[in-house]
Protein chains: 2
Amino acid sequence: MRYLLTNDDGIYARGLAALWAELSKDADCLIVAPEVEQSAVGHAITIARPLMVRAARKNGRFLGYAVAGTPADCVKIGIRELADGPVDLVVSGINRGANVGINVIYSGTVSAATESAILGVPSLAVSLDSYGEADYSVAARFARKMARLIVKDPLPGVAVNMNVPALPREEIRGVVVVRQGRARLLESFERRVDPRDNIYYWLAGETQLADGDGEDSDAVALKKGFVTVTPLHCDLTRHDLLGELALRIAQAGGKGTPTW
Amino acid sequence: MRYLLTNDDGIYARGLAALWAELSKDADCLIVAPEVEQSAVGHAITIARPLMVRAARKNGRFLGYAVAGTPADCVKIGIRELADGPVDLVVSGINRGANVGINVIYSGTVSAATESAILGVPSLAVSLDSYGEADYSVAARFARKMARLIVKDPLPGVAVNMNVPALPREEIRGVVVVRQGRARLLESFERRVDPRDNIYYWLAGETQLADGDGEDSDAVALKKGFVTVTPLHCDLTRHDLLGELALRIAQAGGKGTPTW
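Just so it is clear, the structure is predicted and the values come from calculations on it, not from any experiment. (Residues numbered from 1 in each chain as written. Chains lettered and ligands numbered in written order. Predicted model: local features only at pLDDT ≥ 70, side-chain atom pairs only at ≥ 80, totals over all residues.)

1. What to know about the overall build of chain A
At step 1: Along chain A, the regular secondary structure elements total 6 helices and 11 strands.
At step 2: Against the globule reference of 18 Å for 260 residues, chain A gives a C-alpha radius of gyration of 20 Å, in line with a compact fold.
At step 3: With respect to the three principal axes, the spread of C-alpha positions in chain A is 70 × 55 × 40 Å.
At step 4: Counting all 260 residues of chain A, 53% fall into the buried class.
At step 5: Restricting the contact set of chain A to residue pairs at least 6 apart, pairs at least 24 apart contribute 74%. (Helix = DSSP H or I, 4+ residues; strand = E, 2+ residues; numbered from the N terminus. Rg over C-alpha atoms; globule rule 2.2 N^0.38 Å. Buried ≥ 20, exposed ≤ 12 C-beta atoms within 10 Å, placed from the backbone. Contact = placed C-beta atoms within 7 Å.)

Okay, structure coming up:
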């Protein structure tokens, strides 16, 4: 087995080291990760400038490839160029902080997994619900179990998004499969003036659960102490609205030879 | 009516000017757009540094706010801070180059529209299928028609993604509502060595239509001369797989009190 590991917190992050330590028990693990932190980059890729790639070392030994780019870049170049052969699984994480609800679309960690799915390689994104000095070993253990489940019988085109509560293992209530909920950042902006009288803003705000989201959604289940698992893809279409929208456009004269 | 206009090609782009010229006939249009080009940034937002905001001018008159950030940043700060009142519609574009198929997830133009939908404001992304010195006026005219249709009776939480062929208006075959197809970049990397012996790579490759995609998908319909319209949202869940994945995890011992 060959796994490719990446993240969005950067190649020297503790969450990635914990993931490597656990997954190396099952597979050859190649790290291809961003040179510096890339949180909230979403599904950005680098096209306007080249990608610098460096063999990174830790304690004198080869650690992996550091890429001056985004998590999605790392997956593309890792699978296409840097791995010595076919990659069986891409695992992204362990992210510092949960990736649930609408916030998933801002996540570099999750985008690495969806990029992998686009390239036809099964994938898993793993996040720990903590911004503190957390212990990643419990999450790493769940990641290993899930990774084995995925590679045994992959679901084509699917990226699995896993979130782990920051709890001792015996307090975790189990693993549940849930949908992406509607929890989101309720943002505010703090306006300031710099020493040269230029105006700038800091994005602030807190993630809030959505009214109506229940235990079948990721954010709520995670808060209740479950490990959450959500299968993701890249089709953003509101299929249920295709007919309604076509009707409205036809009524407005936009169909057939356009009168618009 | 108050529209907020943005894009990912930067505040001085021709596509944005064409959009403003046409939409100003119907609404007060405030431009809040990136200071510099942001193509392929996907749904990135800026959290690690502040957003510089500048009143940009053109020919001595106020053009709009230039934000040193991403299209999604522009929408957040435009709606929350910079607009003088409630925004009725966000329009993003006109992008230089189509945004269809899987490539939609890399698009800053489309991400501005989905960000707006998250904030509860109806939105429209507009792209022209040309990288040359194209005429944006035909696309701007279709954008105006679609904008009026959306604000008349908004579909909550929906971002509309519109692509316009680079054809004279009389050769456009009509407006069709289609799903996001599976056309995607088939990438390759060109390896080079810099003057200091560091290795770097350029992302190359071409977008290819997917086998099995027909005229009900965006890329195919666009190539055949139709204006395409696709309703998008931010739920990436593969709802059809929730049960199957839950079954597999249960069989592997992951449900209930975890044995993992």
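2. Focus: the environment of Lys255 of chain A
At step 1: Along the chain, Lys255 of chain A turns up in the segment after helix 6 (242-251).
At step 2: Beyond its immediate stretch of four places on either side in the chain, Lys255 of chain A contacts Ile249 and Ala250 of chain A together with Gly174 and Val175 of chain B.

3. Quick look at the environment of Gly15 of chain A
Residue and element names in this part refer to chain A.
At step 1: Mapped onto the secondary structure, Gly15 falls in helix 1 (residues 14-23).
At step 2: When the C-alpha atoms of Gly15 and Asn95 are compared, they prove to be 6.3 Å apart, with 80 residues separating the residues in sequence.
At step 3: Sequence-distant contacts of Gly15, that is, excluding residues within four places in its chain, are made with Asn7, Asp9, Gly93, Ile94, Asn95, Arg96, Leu128 and Tyr136.

4. Topic: the confidence of the model for chain A
At step 1: Confidence in the prediction of chain A, expressed as mean pLDDT, is 93, and 98% of residues score 70 or more.
At step 2: Model confidence for the complex: the whole-complex pTM is 0.93, and ipTM, which rates the interface, is 0.90. (pLDDT = per-residue confidence, 0-100.)

5. Description of helix 3 (residues 108-118) of chain A
At step 1: When you tally the buried positions in helix 3 of chain A, you get 11 out of 11 residues, the bulk of the element.
At step 2: Taken together, the buried positions of helix 3 of chain A are occupied by Gly108, Thr109, Val110, Ser111, Ala112, Ala113, Thr114, Glu115, Ser116, Ala117 and Ile118 of chain A.

6. Digging into the packing of helix 1 of chain A against helix 4 (residues 137-152) of chain A
Packed helices, taken two at a time, are described by the angle their axes make and the gap between the axes.
Residue and element names in this part refer to chain A.
At step 1: With their axes 9 Å apart at the nearest point, helix 1 and helix 4 run at an angle of 50° to one another. In terms of axis orientation, helix 1 runs oblique to helix 4. Classified by chirality, the crossing of helix 4 by helix 1 is right-handed. Across the interface between the two elements, Ala18, Leu19, Ala21, Glu22 and Leu23 of helix 1 pack against Ser137, Ala140, Arg141, Ala143, Arg144 and Ala147 of helix 4.
At step 2: Residue classes in the contact of helix 1 with helix 4 are distributed as 7 nonpolar, 1 polar and 3 charged. (Axes fitted to C-alpha atoms, helices over the stretch in contact; angles between N-to-C directions. Parallel < 35°, antiparallel > 145°, perpendicular 65-115°, else oblique. Left-handed = near helix turned anticlockwise from the far one by under 90°. Nonpolar A, V, L, I, M, F, W, Y, C, P; charged D, E, K, R; others polar.)

7. Observations regarding the interface of chain B and chain A
At step 1: Between chain B and chain A, the residue contacts involve 69 residues of the former and 69 residues of the latter.
At step 2: Split into classes, the residues belonging to the side of chain B that touches chain A amount to 42 nonpolar, 15 polar and 12 charged.
At step 3: With 3 bridges connecting them, strand 10 (residues 199-208) of chain A and strand 3 (residues 51-58) of chain B associate as antiparallel partners. Looking at strand 3 of chain B, one finds that Tyr200 of chain A is bridged to Met52 of chain B. (Pairing = 2+ DSSP bridges.)

8. Some remarks on the pairing of strand 10 (residues 199-208) of chain B
All names here are of chain B.
At step 1: Sheet analysis places strand 9 (residues 184-193) next to strand 10, joined by 10 bridges and oriented antiparallel. Of the residues in strand 10, the one forming a bridge with Arg192 is Tyr200.
At step 2: The turn joining strand 9 and strand 10, which pair antiparallel and follow one another in sequence, is formed by 5 residues; a positive phi near 65° is taken by Asp197.

9. A short note on the sheet that holds strand 3 (residues 51-58) of chain A
At step 1: In spatial order, the strands read 8(A)-11(A)-7(A)-6(A)-5(A)-1(A)-2(A)-4(A)-3(A)-10(B)-9(B); together these 11 strands make up an open sheet with mixed pairing. If you trace the sheet from one side to the other, it starts and ends with strand 8 (175-177) of chain A together with strand 9 of chain B, each paired once. Neighbouring strand axes in the sheet, compared pairwise and without regard to direction, differ in orientation by 25° on average.
At step 2: Inspection of the sheet shows strand 6 (residues 123-129) of chain A paired to strand 7 (residues 159-165) of chain A by 7 bridges, in the parallel sense. When the bridges of strand 7 of chain A are listed, Ala125 of chain A appears paired with Asn161 of chain A.
At step 3: Where helix 3 of chain A meets the sheet, its contacts fall on strand 1 (2-6), strand 5 (89-96), strand 6, strand 7 and strand 11 (227-232) of chain A together with strand 9 of chain B, and the angle it forms with strand 6 of chain A comes to roughly 170°.
At step 4: Sitting on the sheet, helix 6 (residues 242-251) of chain B touches strand 8 and strand 11 of chain A, and the angle it makes with strand 8 of chain A is about 160°.

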